Amino acid sequence: MTFVRMELEDWFDRHQFVREIELCESAVQFSHLNDLAVSLDDVALRYGHHAGSPELREVIAADYPGLTAEDVIVTNGGSEAIFGLYNGLLEPNDRIVVEHPNYPSLYEIPETIGCEVVRFPLDYDEGFVPDVERLAASLTDDTRLLCITHPHNPTGSTISEDTLRKIVELCEQRGIVLLSDETYREMGFEAALPPAASLSPSAVSLSTMSKCYGLPGIRIGWMATQNRSLIERVLCVREYVTITNTALGERIALHVLSDKHRYLSAAKDRVTANKAIMAEWIDGQDLVDWVAPTAGVVGLGRLADQVHDPDALYERLIEQYGTMTIPGKYFGVDNRFFRLGFGGEPFNIAEGLRRFDQALDDCSN
Ligand SMILES: Cc1ncc(COP(=O)(O)O)c(C=O)c1O
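Position labels on residues start from 1 in each chain and follow its written sequence. Residue-level local features of this predicted model are given only where pLDDT is at least 70; pairs of side-chain atoms are given and counted only at 80 or more, and the full residue set underlies all totals for whole chains, interfaces and linings. Side-chain measures were taken over the full set of non-hydrogen atoms in the model, leaving aside hydrogen atoms and water.

Asker: Would you explain the overall build of the chain in this entry?
Answerer: Helix numbering and strand numbering both begin at the N terminus, where a helix is a DSSP run of H or I of at least 4 residues and a strand a DSSP run of E of at least 2. The helix and strand tally for the chain stands at twelve helices and 13 strands. Our radius of gyration is a C-alpha quantity, and the globule rule it is checked against amounts to 2.2 Å times the number of residues to the power 0.38. For the chain, whose C-alpha radius of gyration is 20 Å, the value lies close to the compact-globule estimate of 21 Å for 365 residues. Its C-alpha atoms give the chain principal-axis dimensions of roughly 60 × 55 × 40 Å. Summary of the burial criterion: residues with accessible area below 20% of their type's maximum are buried, those above 50% are exposed, and those between are partly exposed, where the area comes from a 1.4 Å probe applied to protein chains only. Scored against the burial criterion, the 365 residues of the chain give a buried share of 56%. By definition, residues are in contact when any of their heavy atoms lie within 4.5 Å. Considering only residue pairs separated by 6 or more positions, the chain has 73% of its internal contacts joining residues 24 or more positions apart. Per-residue accessibility takes into account occlusion by the displayed protein chains alone, with areas from the Shrake-Rupley method and a 1.4 Å probe. Of the roughly 15600 Å² of accessible surface on the chain, 49% is carried by carbon and sulfur atoms. Side-chain charges of the chain comprise 31 positive and 57 negative groups, with the mean position of each set lying 2 Å from the other. Just so you know, the count uses Lys and Arg for positive and Asp and Glu for negative, and it drops His and the chain ends. Working definition for charges: the position is that of NZ of Lys, CZ of Arg, CG of Asp or CD of Glu.

Asker: Would you mind showing me how to read the site of the ligand here?
Answerer: Close to the ligand lie 14 residues, the nearest being Gly78, Ser79, Asp181, Thr208 and Lys211. Between N or O atoms, a polar contact is any pair within 3.5 Å; within protein, one atom must be a potential hydrogen donor and the other a potential acceptor, and residues adjacent in sequence are included only when both atoms are from side chains. Here a nitrogen atom of the ligand and a side-chain polar atom of aspartate 181 are 2.6 Å apart. Taken by itself the ligand offers 400 Å² of open surface, and the protein chains cover 95% of this. Spatially, the ligand is embedded in the largest pocket. What makes a residue near a molecule or strand is one non-hydrogen atom of that residue sitting within 4 Å of it. Points on a 1 Å grid over protein atoms alone make up a cavity when a 1.4 Å probe fits among them but cannot get out, and a pocket when they form an open set with protein on both sides within 12 Å along at least five of seven lines; lining residues each have an atom within 4 Å of a point. By definition, a pocket or cavity contains a molecule when more than half of the molecule's atoms lie within 2 Å of the pocket's grid points.

Asker: I'm lost on empty space enclosed by the protein in this one. Help?
Answerer: Once rolled over the atoms, a probe with the size of a water molecule shows which space is left empty. Grid points are joined across faces, edges and corners, and a volume is the space filled by probe spheres set on the points. One pass over the structure, following the stated rule, counts two cavities of 30 Å³ or more. Of the pockets and cavities examined, the largest cavity occupies roughly 90 Å³. Val59, Ile60, Asp63, Tyr64, Glu182, Arg185, Glu186, Ser207, Trp222, Leu257 and Lys260 together form the lining of the largest cavity. Its volume calculated, the second largest cavity comes out at about 40 Å³.

Asker: Any chance you could explain the domain arrangement of the chain here in plain terms?
Answerer: In many analyses, interface size is given as the accessible surface area lost on bringing the parts together. On domain assignment, one finds that the chain holds domain 1 (7–30 + 261–362) and domain 2 (39–259). For every domain, the bounds stem from an assignment made automatically or drawn from a database. Relative placement of domain 1 and domain 2: their C-alpha centres are 25 Å apart. Each partner contributes residues to the interface: domain 1 has 35 residues there, and domain 2 has 31 residues. Once two parts are joined, some of their accessible surface, as seen by a 1.4 Å probe, is lost; buried area is that loss totalled over both. Carbon and sulfur atoms make up 63% of the surface buried where domain 1 meets domain 2, a total of about 2700 Å² over both sides. Here a salt bridge means any side-chain nitrogen of Lys or Arg lying within 4 Å of a carboxyl oxygen belonging to Asp or Glu. At the surface where domain 1 touches domain 2, the tally comes to one salt bridge. We note a salt bridge from arginine 262 to aspartate 259, for which the minimum N-O separation is 2.7 Å.

Asker: Just checking my understanding: could you explain the packing of helix H10 (residues 260–284) against helix H12 (residues 346–362) for this structure?
Answerer: Each packed pair of helices is defined by two parameters, the angle between the axes and the distance between the axes. Direction vectors running N to C along H10 and H12 enclose 15°, while the axes themselves pass 10 Å from each other. Between H10 and H12, the crossing angle belongs to the class labelled roughly parallel. Like other packed secondary-structure pairs, H10 and H12 cross with a definite hand, here right-handed. Across from Arg270, Asn274, Ile277, Met278 and Trp281 in H10, the residues of H12 making contact are Pro346, Ile349, Leu353, Phe356, Asp357 and Leu360. Between the N-to-C directions of two axes lies an angle of 0 to 180 degrees, each axis being a line fitted to C-alpha atoms and, for a helix, fitted only over the stretch in contact. Orientation categories follow fixed angle ranges, with anything under 35 degrees roughly parallel, anything over 145 roughly antiparallel, 65 to 115 roughly perpendicular, and all other angles oblique. Crossings are sorted by hand: turned counterclockwise from the far helix by less than a right angle, the near helix makes the crossing left-handed, and turned clockwise it makes it right-handed.

Asker: Help me understand the sheet that holds strand S9 (residues 288–290) in this model?
Answerer: Strand pairs in the sheet, formed through backbone hydrogen bonds, run parallel or antiparallel to each other. A pair of strands counts as paired when DSSP detects no fewer than two bridges linking them. Strand order across the open sheet formed by four strands is S9-S10-S13-S12, with antiparallel pairing between neighbours. Looking along the sheet, the strands with just one partner apiece sit at the ends: S9 and strand S12 (326–327). Direction of pairing for S12 relative to strand S13 (residues 337–341): antiparallel, over a ladder of two bridges. Across the sheet, residue isoleucine 326 finds its bridge partner in S13, namely arginine 339. Along the sheet face, H10 touches S9 and S13 and points at about 130° away from the line of S9.

Asker: Where do I start with the packing of helix H4 (residues 77–89) against helix H8 (residues 228–238) in this structure?
Answerer: Viewed as axis vectors pointing N to C, H4 and H8 meet at an angle of 100°, and their least axial separation amounts to 8 Å. As summarised for this structure, H4 and H8 are arranged roughly perpendicular, according to the angle between their axes. Of the residues in H8, those touching H4 at Glu80, Ala81, Phe83, Gly84, Leu85, Asn87, Gly88 and Leu89 are Leu230, Arg233, Val234, Val237 and Arg238. Throughout, the ten residues Ala, Val, Leu, Ile, Met, Phe, Trp, Tyr, Cys and Pro are labelled nonpolar, Asp, Glu, Lys and Arg are labelled charged, and all others, Gly among them, are labelled polar. In terms of residue class, the contact of H4 with H8 is made up of seven nonpolar, three polar and three charged.

Take a look at the structure:
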């Protein structure tokens, strides 16, 4: 098993600290410690509970009807939960189905393990939502796991509660584990979907402090499921990698989640206003369209044919205009697509879009 660098994260690592404007971030604007008024003076800097602090697991579980703290494991970001679940559960040659495009960990880790990974395509013309009949047909008897992400990264699509319930039922009937990446669940423009883990013991819900709470630097995420053997599997992996979470991260997460509605409602106001700025730009820009995101903080723009060389455009945007987007190739899709993020500062978004206009002028005829 040989891991290679994730091209998407490599792109971020190379550019995010040197470019002036990031027009593609997948989270609401990050906070600084002093925005949070959290006291860290009495945090014991010892190894913590391996499944996460009991208080934090309890606060998290309160959002999952029917689940208790025992049904939650807190991890170093959602990333560790994904890594732990896949490595703890899957064997080479296992067949899994993953919505595509998606966050690369969700399909590249099982590919590295040697699984047969079927990428279930989400299409522009279908609004990037899965057709349930087609999805059902992709789930053969030997499928071990189905992975969905809604609200979706990188398109901002979401599914109805009815669709979610049908997908849960499909998995239950076939004995398939449903991994539902719910990183953006709390950033809906309308009512949030129920967590999949609360609907069935076949389902695993994944989430994080990184996106809706703008706290990627504390590296706290979690997995919730009524199937405790899956939690045990993640523990089996994490005890060889990180053992526990950071004590500081857990304290900060507990502080924020204990007053979560205040943080979420401020973030939602900003995201809604930013999304309107971006939608207006797309309406007025003939060279770009998108399927308007229905939730979350990202969307997938699409370049018109008059832009002959998308790579040259993205390069110019970065090198000449100091503005970063993410080319579609890093999500394994046509490079005419690129990710836009609207969780940041409104001024930066407006300025980034102005620069995008200039780069498009330079690179089209
Ligand atoms: C859909 C999705 N899931 C999970 C993650 C992992 O995030 P983190 O490890 O910061 O929680 C990301 C990060 O971009 C993501 O986009």
